[in-house]
Amino acid sequence: VVSTQSTGSSGINAEYGSPNMLDHFPPASFRHRPLGMVTYSMGSGGGLRVQSQLKNMVTDMGMFTVPASVKVDFVHKKFDENDNCTDQKLLEYVDRMMTETVWYAEAIKLQKEAKGLPSIS
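Residues numbered from 1 in each chain as written. Predicted model: local features only at pLDDT ≥ 70, side-chain atom pairs only at ≥ 80, totals over all residues. Heavy atoms only, no water.

Asks: How do you make sense of the side chain of D87 when you look at a structure like this?
Replies: Inspection of the secondary structure puts D87 in the loop between β5 (70-72) and α3 (88-115). Accessibility expressed as a relative area gives 19% for D87, which makes it buried. Of note is the side chain of D87, whose polar atom sits 3.1 Å from the backbone nitrogen of L90. (Helix = DSSP H or I, 4+ residues; strand = E, 2+ residues; numbered from the N terminus. Buried < 20%, exposed > 50% of the residue type's maximum accessible area, 1.4 Å probe, protein only. Polar contact = N/O pair within 3.5 Å; in protein donor to acceptor, adjacent residues only side chain to side chain.)

Asks: Explanation requested: α3 in the structure shown.
Replies: Think of an α-helix as 3.6 residues a turn; residues three or four steps apart then line up on the same face. For α3, which comprises 28 residues, the first-to-last C-alpha distance of 41 Å matches the rise-based estimate of 40 Å (1.5 Å per residue) to within 8%. Residues of α3 that are buried: L90, M97, T101, A105 and I108. One side-chain oxygen of the residue at the start of α3 lies 2.9 Å from the amide nitrogen of K89, identifying that residue as D87. Looking one or two places after α3, you find G116, whose phi comes out positive at around 80°. (Expected span 1.5 Å × (residues − 1).)

Asks: Looking at this structure, I do not really get helix α2 (residues 48-60). What am I missing?
Replies: Taking 1.5 Å per residue, 13 residues should reach 18 Å; α2 reaches 19 Å between its end C-alpha atoms and fits that length. Within α2, burial applies to V50, Q51, L54 and V58. Each buried residue of α2 lies within a common arc of 100° when the element is viewed along its axis, so the set occupies one face. Exposed residues pointing more than 90 degrees away from the buried face of α2 are listed as R49, N56 and D60. G62 sits one or two positions beyond α2 and adopts a positive phi of about 95°. (Arc of directions from axis to C-beta.)

Keep in mind that these numbers describe shape and distance, not what the molecule does.
Printed below as a string of C-alpha cells:
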C-alpha cells in the first residue's frame, strides 16, 4: 500500500480536512508506511510551511516521509483549462516522489516478510 497526502496551504496551518480524515482510521494502520507528500500554494511557498507540520503529524502516527517531496508553487499556473499539468518539471518531481514511495513500500514489505514488524511497547 502506498500512502500519499495532498494538501493546500492555508496560511501556515494544515487544512482541516487532511488531519480530520486521518482520525477515521485506527492508528496502527499507519505504522511503518512510507508517505509521498505533495503540497501546494497559490504563491511562492509551495506549501512548504504546512509540509513541515504534516511531516511532524505523520511521524507521530508511525509513518515516514520519503526524501523526495513535491512542493507546487503558483499551482493555478501549472494546469490548463482541462486540468492537465503544463509544467514538465512538476511531472518529473511527481514521478520521482512516486518512484521513491513505491521503492520504500516494497522494501518495507520485504523486511516485514523476513523479520516481521518491530514490537511497540
